[in-house]
Amino acid sequence: MGFLLYIIPVIAVIIFFLVKENHYRHAVSVASSILLAVCAGALTFRVIVNGVVIYPMLGGFFYLDALSMVILDMVIIIAFMAAVFSVGYLNEEKRHGQLTDKKIRLYYILMYGFVLTMILALTVKNMGLMWIAIEATTLASAFLVGFNSDKHALEAAFKYVIICSVGIAMALLGIILLHWSSTGVLTDASYLDWTALSAHAGALKSAVLRLAFIFILIGFGTKAGLVPMHTWLPDAHSQAPSPISALLSGVLLNSAMYGIIRTTAIVNRNLGSNDFTGRLLIGIGILSIATAALFILTQKDYKRLLAYSSIEHMGIIAVAFGLFTPLSIFGGLLHMINHSFTKSLLFLSAGNIMQKYDSKQIYKIRGVLKTLPVSGPAFLLGLFAITGTPPFSIFTSEFCIISAIFKESTGWVYTGMRLGMGIAFILLLGLVFAGVAVTLFRMFYGSDTNSLYPAVKDISIADRLEQSEPSEPSETADKYLGNSSAAAVKPGETNKAGALCLIILLITILISGIYLPPGIRELLLQARNIVMGL
Amino acid sequence: MSDFAAVSDLAVGSKILETLSVLILLSAFLLMANKRINSYIKSFRLQSFLIALTAGIMGIRSLFNEGRWDILIVCVLIIALKVILIPARLSKTYANVRYKVEKDFIWNIPILILVCCGLVVFSYFTLAGVEGISGESSNLQLVNSVSVIWIGLFFMISRKKAIGQIIGFLVIENGLYITAMLVTHGMPFIVDLGIFIDLLTFVMIMGLITFRLNDQFDSIDTDQLKNLKG
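Residues numbered from 1 in each chain as written. Chains lettered and ligands numbered in written order. Predicted model: local features only at pLDDT ≥ 70, side-chain atom pairs only at ≥ 80, totals over all residues. Heavy atoms only, no water.

## Digging into the overall build of chain A
What counts is decided by this rule: Secondary structure counts use DSSP, requiring at least four H or I residues in a row for a helix and at least two E residues in a row for a strand, with both numbered from the N terminus. Radius of gyration: over C-alpha atoms. The globule rule applied is 2.2 Å multiplied by the number of residues raised to the 0.38 power. Exposure categories follow from relative accessible area, calculated using a 1.4 Å probe and restricted to protein chains: below 20% of the type maximum is buried, above 50% is exposed, and the middle band is partly exposed. Computed with a 1.4 Å probe, the accessible areas rest on the Shrake-Rupley method; for each residue, only the protein chains presented here act as cover. When charges are counted, Lys and Arg contribute as positive and Asp and Glu as negative, whereas His and the chain ends are disregarded. A single reference atom marks each charge: NZ on Lys, CZ on Arg, CG on Asp, CD on Glu.
A count of helical and extended segments in chain A gives 22 helices and two strands. Taken over C-alpha atoms, the radius of gyration comes to 23 Å for chain A, in line with the 24 Å a tight globule of 534 residues would show. Each of the three principal axes of chain A carries a C-alpha extent, and together these read 75 × 60 × 40 Å. Sorting the 534 residues of chain A into buried and exposed places 65% on the buried side. For chain A, the exposed surface amounts to about 17600 Å²; the carbon and sulfur share of it is 68%. Charged side chains in chain A number 36 positive and 28 negative. The centres of these two groups are separated by 4 Å.

## Re the confidence of the model for chain A
Low-pLDDT stretches of the model should not have their predicted coordinates read in fine detail. Residues and elements named next belong to chain A. Threshold: Scored from 0 to 100, pLDDT reflects the predictor's confidence in each residue. Between two residues, a contact is recorded if the distance between any of their heavy atoms is within 4.5 Å.
Averaged over chain A, the pLDDT score is 86; the fraction of residues at 70 or greater is 90%. Taken element by element, the predicted model of chain A shows its lowest mean pLDDT in helix α20 (residues 473–481) (44) and its highest in helix α13 (residues 302–323) (93). Predicted confidence for residues 449–487 stays below pLDDT 50, and this span has 47 contacts to residues more than four positions away or in other chains.

## Re the interface of chain B and chain A
This is how it is decided: The buried area of a pairing is the accessible area, by a 1.4 Å probe, that goes missing from both parts when the two are put together, added over both. For this analysis, a polar contact is any N or O atom pair within 3.5 Å, provided that within protein one partner can donate a hydrogen and the other can accept it, and provided that sequence-adjacent residues contribute only side-chain to side-chain pairs. Polar here means any residue outside two lists: the nonpolar Ala, Val, Leu, Ile, Met, Phe, Trp, Tyr, Cys and Pro, and the charged Asp, Glu, Lys and Arg; Gly therefore counts as polar.
Listed as interface residues are 47 residues of chain B and, on the opposing side, 46 residues of chain A. Buried surface at the junction of chain B and chain A, summed over both partners, amounts to about 4200 Å²; 79% is from carbon and sulfur atoms. Our enumeration of links across chain B and chain A arrives at one residue pair in polar contact (both at pLDDT 80 or more). Contributions of two or more residues to the side of chain B that touches chain A are made by α6 (139–158), α7 (162–184) and α8 (189–217) of chain B. Per-element accounting of the side of chain B that touches chain A gives the leading share, 15 residues, to α8 of chain B. For the side of chain B that touches chain A, the class distribution of residues is 28 nonpolar, 12 polar and seven charged.

## A closer look at the packing of aromatic side chains
All names here are of chain A. The condition is simple: Only rings of Phe, Tyr and Trp enter the pairing, Trp through its six-membered ring, and a pair is recorded when the two centres are within 6.5 Å. The plane angle decides the type: under 30 degrees is stacked, over 60 is edge-to-face, the rest tilted. In our convention, an over-ring charge means Lys NZ or Arg CZ found within 6 Å of a ring centre and within 35 degrees of that ring's normal.
This model, assessed by the stated rule, comprises 28 aromatic pairs over all chains. With a centroid separation of 6.2 Å and an interplanar angle of 70°, the aromatic rings of F441 and F444 are classed as edge-to-face. The pair formed by F441 and F444 is uniform in burial state, with each residue classed as buried. Taken together through their ring pairs, the aromatic side chains of Y302, F379, F384, F433, F441 and F444 make up a single cluster. Across from the ring centre of F147, 4.5 Å away, lies the NZ or CZ of K103, which sits over that ring. Its end group placed over the ring of F276, R210 keeps NZ or CZ at 5.8 Å from the ring centre.

## Structural notes on the state of the cysteines
By definition, a disulfide links two cysteine residues through a covalent bond between their sulfur atoms. Worth spelling out the cut-off: Cysteine sulfur pairs qualify as disulfides if the two atoms are within 2.5 Å.
Scanning the model with the defined rule gives zero disulfides over all chains in all. C116 of chain B supplies the cysteine sulfur nearest to C117 of chain B, a cysteine that is in no disulfide, at a spacing of 7.0 Å.

## Overview of the confidence of the model for chain B
Per-residue confidence for chain B gives a mean pLDDT of 84; residues scoring 70 or more make up 88%. Scored by ipTM, the complex comes to 0.91, with pTM at 0.89.

## Topic: the pattern of salt bridges
Worth spelling out the cut-off: Salt bridge, as used here: a side-chain nitrogen of Lys or Arg that lies within 4 Å of a carboxyl oxygen of Asp or Glu.
As enumerated under the stated definition, the model contains nine salt bridges over all chains in all. Close ionic contact of K159 of chain A with D235 of chain A constitutes a salt bridge, the shortest N to O distance being 3.3 Å. Placement of the pair is K159 of chain A in helix α7 (residues 151–181) and D235 of chain A in helix α10 (residues 232–239), with a sequence separation of 76 residues. R68 of chain B is the partner of D70 of chain B in a salt bridge, and the nearest nitrogen-oxygen pair spans 3.4 Å. When salt bridges with common partners are traced through the structure, they connect E155, K159, D235 and R304 of chain A into a single cluster.

## A short note on helix α2 (residues 22–50) of chain A
Cut-off, in case you're wondering: The span one expects for a helix is its residue count, reduced by one, times 1.5 Å.
In this model, α2 of chain A (29 residues) spans 42 Å end to end at C-alpha, consistent with the 42 Å of a helix rising 1.5 Å per residue. Where α2 of chain A terminates, the next one or two residues include G51 of chain A, which has phi positive at roughly 95°.

## Quick word on the side chain of S43 of chain B
Residue and element names in this part refer to chain B. Looking at the secondary structure, you find S43 in helix α3 (residues 37–66). For S43, the side chain forms a polar contact with the side chain of N34, separated by 2.4 Å. If we skip the residues at most four places from it in the chain, S43 touches L30, L31 and N34.

## Digging into empty space enclosed by the protein
Just so we agree on the cut-off: Both site types are read off a 1 Å grid over the protein atoms alone. A 1.4 Å probe that fits but cannot get out defines a cavity, while an open set with protein on both sides within 12 Å along at least five of seven lines defines a pocket; lining residues have an atom within 4 Å of a point. Grid points are joined across faces, edges and corners, and a volume is the space filled by probe spheres set on the points.
Scanning the entire structure with this criterion turns up four cavities of 30 Å³ or more. Each pocket or cavity is described by its volume, and for the largest cavity that value is around 60 Å³. Along the walls of the largest cavity sit R68, D70, I71, V74, Y177, M181, H185, G186, M187, F189 and D192 of chain B, which together make up its complete lining. No other element matches helix α4 (residues 70–96) of chain B, which puts three residues into the lining of the largest cavity. Across the lining of the largest cavity, the residue classes tally to six nonpolar, two polar and three charged. Of the voids in this model, the second largest cavity is the one considered here, and its volume is about 50 Å³. Surrounding the second largest cavity, L172 and I176 of chain A together with E173, L176, Y177, A180, M187, D192 and I195 of chain B form its lining. Looking at the lining of the second largest cavity, the elements that each hand over two or more residues are α7 of chain A together with α7 and α8 of chain B. The element best represented in the lining of the second largest cavity is α7 of chain B, accounting for four residues.

## What about the side chain of R25 of chain A?
Residues and elements named next belong to chain A. Mapped onto the secondary structure, R25 falls in helix α2. Although R25 is buried, it makes no salt bridge; D101 carries the closest opposite charge, 5.2 Å away. Engagement of the side chain of R25 in a polar contact is seen with the backbone oxygen of D101, the distance being 3.2 Å.

## As for unusual backbone geometry
Residues and elements named next belong to chain A. In the segment running from P390 into P391, the intervening peptide bond is cis, with an omega of 5°. Turning to its location among the elements, P391 is positioned in the loop between α16 (375–386) and α17 (393–407). A positive phi angle, close to 65°, is found at L192, a residue other than glycine. Note that L192 resides in the loop between α7 and α8 (194–199). We note that D358 has phi near 60°; this positive angle belongs to a residue other than glycine. Along the chain, D358 turns up in the loop between α14 (326–357) and α15 (368–371).

Structural data, given as structure tokens:
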């Protein structure tokens with residue numbers, strides 16, 4: 001069953017190479033993502049019942065436990081949503097003459113290659129193989145980031161590959177040091193195997209292990225978008241096609257975070273407390289939230305804003321795992337799930353908005369609620385959700401993390417410091433909410449027909465020219481004032497299946513904010529125990 | 001046969017390995033002192049050859065002592081990939097995007113070399129401070145190979161052209177490889193294999209991106225990549 005997870009994407013890629021017609025490609029893509037979802041469902045059931053799924057083949061490198069299952073399920077569900085959404089998205093792009101059939105084929109091949117590498121990263125138990133898979137995610141998604149192949153997309157792709165590869169190289173140094181810290185403890189067959197590393201955690205060389213953790217945090221932190229290393233993220237997420245942005249943000253960041261979580265568990269077990277990892281993770285996490293909050297306040301491009309919001313949420317997850325109490329870890333895992341659902345919802349609806357208005361600039365967009373009857377409200381509600389407003393699910397997980405800051409003693413954090421940290425955390429979350437409200441909510445007001453700057457398809461050529469040279473808003477406004485007779489954007493959804501995806505995602509984050517199904521709860525509790533080493 | 005026996009002798013082998021690790025560090029300095037992209041590629045090839053030599057010696061040693069073949073296979077792979085295939089690929093990319101020779105580095109070369117010396121001193125002092133490393137016999141080798149990583153990183157910063165940055169990354173990879181080789185006697189074989197596949201894909205993808213950069217921007221100067229901000 002488990003190997004089907006590898007076989008299905010491989011077969012899908014082969015079929016994409018062979019078939020000629022677009023609607024077959026769409027059908028194959030949706031069908032294979034449904035098959036993947038069925039496999040993942042069956043495996044999840046086995047993990048909940050048995051604890052781990054492991055096969056003796058090839059030295060037993062395939063390994064699934066509750067922690068990897070949680071994130072693997074995310075990958076597969078979001079990939080399914082992206083596959084369904086892509087059908088309408090690509091057809092619409094093709095209708096505007098942006099895409100050729102050959103490019104659609106390339107898109108699907110790369111997308112399933114990307115999904116395959118992420119599945120691989122989450123289903124192996126060898127740190128070295130996981131490193132390879134995570135580096136491969138960068139390479140598989142490089143051309144997806146640069147898919148529009150204009151100057152901006154190319155710049156984003158170049159930065160993405162260079163920064164992520166160098167960052168990941170640092171993680172490899174960390175993994176080499178991890179390997180070194182275990183020499184003399186582990187035998188040949190179990191080198192770099194984290195089940196063995198965590199079983200013999202007490203015997204590893206602490207000093208080398210600490211150094212290894214720093215490098216792994218820098219390396220996988222680059223990929224997860226934690227702050228000093230985040231610079232590629234806003235570019236890549238804003239330039240990639242929307243379904244890919246949803247995958248990058250909702251899933252890829254979590255996969256990188258997963259590497260950090262595994263290492264944190266081993267290091268904390270070796271050192272006997274979370275003093276060392278906690279300081280680093282909480283520091284880097286708070287820094288990420290603060291930086292993201294500042295950039296959100298001054299953002300002009302809504303896809304970039306969503307990208308900064310991803311940085312913020314990765315920061316929150318880092319803080320949760322830095323605290324390392326049962327409640328905070330549960331909250332952190334729940335937050336990973338909620339963040340991927342909500343962020344995919346936002347990126348997918350942003351994709352619809354972008355296709356409708358043909359612009360990523362916030363000031364050019366008015367009256368989204370009227371022009372897009374599903375994506376508009378979904379985007380608005382998603383914005384409330386992502387900023388942590390009840391009753392959406394992100395509120396629940398953020399509440400868990402905040403109460404963990406105030407409630408439970410974590411060793412090195414004294415009462416006063418904990419209080420200060422909690423207050424700073426809440427204030428920053430408030431700042432993010434204010435930033436989103438100030439910058440984005442104006443998109444929803446007014447109606448586009450009497451807008452000052454009707455962003456319409458008729459001027460899309462002018463728009464495209466302008467995108468290569470960003471100009472001041474006032475200039476553009478003047479230009480458009482003389483052109484106010486231009487026709488407005490026609491209301492209505494173009495991507496029907498995509499709209500259905502948005503509704504499903506919206507219902508999911510609404511329900512999971514109030515009620516967590518017992519199966520998922522059980523899975524999360526098991527995952528928490530794995531991280532805690534219980 | 002007697003040569004092999006000498007190499008497989010631990011004390012002599014360690015001396016040879018130590019010398020090779022110093023030579024690899026020197027090749028990193030050599031790379032830093034290069035002015036033209038063609039000579040970057042040559043220096044990279046030299047460094048990879050030295051690494052293949054190291055792997056070969058260690059492979060022979062492990063074959064005689066433990067009967068393991070995998071390091072020798074890795075040595076062959078290094079020669080095929082890093083000495084032949086990747087430099088050839090880079091030369092091809094370079095031929096496609098040939099541009100006028102111009103000043104390519106941020107500071108002049110003596111200053112860059114001085115900074116590299118500083119990086120070696122830096123890695124010596126940081127690593128000497130960590131208990132568990134300072135007492136080990138592989139200390140000098142570790143300092144050398146970690147220095148290669150930092151020099152590779154600095155090389156990426158100091159060069160403005162896309163190809164310079166690709167080579168910088170490859171030098172980082174070489175440094176990582178030699179660290180793994182000398183310090184932990186190699187990673188598990190399957191991990192090495194995967195790293196090679198990743199590396200090859202990286203070079204191919206970056207070659208393509210560089211080519212497209214040249215198309216779109218009429219140069220491969222990464223200073224031009226500053227449209228996306230904020």
